[in-house]
Amino acid sequence: MSAQTTGPVLIVGTGLLGTSIGMALRRLGVEVELADASPSALALARDMGAGMIAHEGVDPALVVVATPPDVTARVIDEALREHPRAIVTDVASVKTIIARELEACGADTTRYVGSHPMAGRERSGAGAADADLFRQRPWVIAPVAGSAERAIRIVRSLALDVGALPLDYRAEDHDAAVACVSHVPQLMASLLAASLTRAPQEALGLSGQGLRDSTRIAHSDPRLWAAIVGGNSREIAEVLRGISRDLLDLLHSLDSAAGDPLAPGLVAQVTKVLEAGNDGVERIPGKHGGAPRRYAEVSVLVPDTPGHLGRLFTELGEADVNIEDFALEHSAGAPMGVGRVLVDPAAAAPARAWLTDHGWTVLDGAH
Ligand SMILES: NC(=O)c1ccc[n+]([C@@H]2O[C@H](COP(=O)([O-])OP(=O)(O)OC[C@H]3O[C@@H](n4cnc5c(N)ncnc54)[C@H](O)[C@@H]3O)[C@@H](O)[C@H]2O)c1
Ligand SMILES: O=C(O)C(=O)C[C@]1(C(=O)O)C=C[C@@H](O)C=C1
């Protein structure tokens, strides 16, 4: 595939996002130069194949600012001044505050367009970067009042080149949306995981996949997230207020029940919470960001010793089964894990039969 993006592209901030973008562009042959406040972060990004270290007098066609949100407007403003022919974008997780900061400092925003790839990880830094991070993921394009059409086109091409799906948003609408689907989920995962610091050690030995699923992002970088949450505080508070009302109602029912499982109102209240959860989760779009789509699950026992996972994937490949998603569930101390392979519903029965024929223990047949 050939790139629409014309280089050189200067990436400022070579952590997870900046390095992933650099790697994806380099793979298409685009010239990429890298800059970061940290020399070691910069060297690692270069070693990961994200581009070369920016030389004195670099004259980029496009600058991508991938720094933490609280310094992003300043870095954008500097880039607009230092590179008068360049289009400048950023990938920060908040958009309105950056647009306001740029306006306040009198930046030339005709050459600036905000953006935000809805793809990332709970790990920071170039070491966690991945050239495929953005494939089939939404990439928000959020122009400011003065953004020129040409600048919007160039930023959209960047998103397409790295495999993402560009979506146009107003900065304010973006911030309200990500408060719901990204910022509050992060805070809820962190609050939930924080409650584990008060749990006795023997309780943690019973941890299962439900807890792991709900706390993966609690590994995220506190400094980065403090800047994200601080930059979208009003919208986040609004969503949290709704959750807090539901939580207080539930708590009230639990307290009133005083240990009686059939206390008046208790079952109805708990059912209401669970059903509302069912409704909410149904609204999350499928893996390509399109209409929700159900995959069939094939559950198979995977011995917890080297080589088995590789063999499982290879054998499914030999059966011409595309793995849409995969999770491995472990129980502490167990010699086996349960591999949950999500496949196209039409491929589920053949996949189960093939695996059984090849000596695997397939757990289900009913999904
Ligand atoms: N982590 C995610 O999942 C994710 C997803 C989408 C968007 N974002 C956004 O992308 C941006 C970068 O996030 P990340 O996860 O790559 O963070 P990161 O911590 O991995 O990388 C940030 C990099 O910016 C550098 N930096 C900090 N201040 C700088 C400055 N003034 N000048 C130059 N370099 C500077 C740091 O040294 C670091 O290498 C943030 O704005 C974040 O909101 C993150
Ligand atoms: O999948 C993850 O690990 C992420 O946290 C990615 C995620 C998200 O919430 O979806 C996190 C923050 C970003 O601004 C965009 C993407």
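Named according to an unreviewed UniProt entry, the chain is Prephenate dehydrogenase originating from Nanchangia anserum. Within the UniProt record for the chain, the comment given under Sequence similarities (unreviewed entry) is "Belongs to the prephenate/arogenate dehydrogenase family." Its UniProt record gives the chain a comment under Pathway (unreviewed entry), which states: "Amino-acid biosynthesis."

1. Topic: the sheet that holds strand E3 (residues 52-53)
Here 8 strands make up an open sheet; going across it, the order is E3-E2-E1-E4-E5-E6-E7-E8 and the pairing mixed. If you trace the sheet from one side to the other, it starts and ends with E3 and strand E8 (165-168), each paired once. Alignment of strand E7 (residues 138-143) against E8, held across 4 bridges, turns out to be parallel. Across the sheet, Trp 139 pairs through a bridge with Pro 166, a residue of E8. On the sheet, helix H3 (residues 69-82) packs against strand E1 (9-12), strand E4 (62-65), strand E5 (87-90) and strand E6 (112-117) and is oriented at approximately 170 degrees with respect to E5.

2. A few points about the packing of aromatic side chains
Tallied over the full model, the rule gives 2 aromatic pairs. Seen in terms of ring centroids, Phe 313 and Phe 326 are 5.0 Å apart; in terms of plane orientation they differ by 90 degrees. Their pairing is edge-to-face. Of the two residues, Phe 313 is situated in helix H12 (residues 308-318) and Phe 326 in strand E10 (residues 325-330); the sequence distance between them amounts to 13 residues. Assessed through its relative accessible area of 35%, Phe 313 is described here as partly exposed.

3. Re the nonpolar core
Across soluble globular proteins, nonpolar side chains have a tendency to be buried as a group. Ranked by internal contacts, the top residues of the largest apolar core, which has 37 residues, are Ile 21, Leu 25, Val 64, Phe 134 and Trp 139. Secondary structure elements with two or more residues in this core: E1, helix H1 (16-27), strand E2 (32-35), helix H2 (39-47), E4, E7 and helix H5 (149-161). Among the elements that take part in this core, H1 stands out by supplying 6 residues, more than any other. If we skip the residues at most four places from it in the chain, Leu 25 touches Thr 5, Val 9, Val 30, Val 32, Leu 158, Asp 161 and Val 162. Core analysis: the next-biggest nonpolar cluster, separate from the first, contains 22 residues, Ala 73, Val 75, Ile 76 and Trp 225 among them.

4. Considering the site of ligand 2
The full set of residues close to ligand 2 is Ser 93, His 116, Pro 117, Met 118, Ala 119, Gly 120, Arg 121, Glu 122, Ser 182, Arg 216, Ile 217 and Trp 225. Contact between ligand 2 and Ser 182: an oxygen atom at 2.6 Å from a side-chain N or O atom of the residue. Arg 216 places a polar side-chain atom, nitrogen or oxygen, 2.9 Å from an oxygen atom of ligand 2. If ligand 2 stood free it would expose 370 Å²; the protein chains cover 82% of that surface. When the residues that make up the shell around ligand 2 are grouped by side-chain class, the tally is 5 nonpolar, 4 polar and 3 charged. Here the shell around ligand 2 spans two domains, since at least three of its residues come from each of domain 1 (9-169) and domain 2 (175-282).

5. Considerations on the site of ligand 1
Near ligand 1 there are 28 residues, and of these Leu 17, Asp 36, Thr 67, Ser 93 and Gly 125 occur at the shortest range. Contacts to ligand 1 include Leu 17, whose backbone N or O atom sits 2.8 Å from an oxygen atom. Coverage of ligand 1 by the protein amounts to 83% of the 830 Å² it exposes when considered alone. Every element with two or more residues in the shell around ligand 1 is listed here: H1, H3, E6 and helix H9 (222-230). In terms of residue count, H3 provides more of the shell around ligand 1 than any other element does, 3 residues in total. When the residues that make up the shell around ligand 1 are grouped by side-chain class, the tally is 16 nonpolar, 10 polar and 2 charged.

Rules and cut-offs
- Residues numbered from 1 in each chain as written.
- Chains lettered and ligands numbered in written order.
- Predicted model: local features only at pLDDT ≥ 70, side-chain atom pairs only at ≥ 80, totals over all residues.
- Heavy atoms only, no water.
- UniProt positions renumbered as here; feature names shortened; annotations may be inferred.
- Pairing = 2+ DSSP bridges.
- Helix = DSSP H or I, 4+ residues; strand = E, 2+ residues; numbered from the N terminus.
- Contact = heavy atoms within 4.5 Å.
- Axes fitted to C-alpha atoms, helices over the stretch in contact; angles between N-to-C directions.
- Phe/Tyr/Trp six-rings, centres within 6.5 Å; stacked < 30°, edge-to-face > 60°.
- Buried < 20%, exposed > 50% of the residue type's maximum accessible area, 1.4 Å probe, protein only.
- Core = buried A, V, L, I, M, F, W, Y, C linked by side-chain atoms within 4.5 Å.
- Near = heavy atom within 4 Å.
- Polar contact = N/O pair within 3.5 Å; in protein donor to acceptor, adjacent residues only side chain to side chain.
- Areas by Shrake-Rupley, 256 points an atom, 1.4 Å probe, with all protein chains shown as cover.
- Nonpolar A, V, L, I, M, F, W, Y, C, P; charged D, E, K, R; others polar.
- Domains from an automatic or database assignment.

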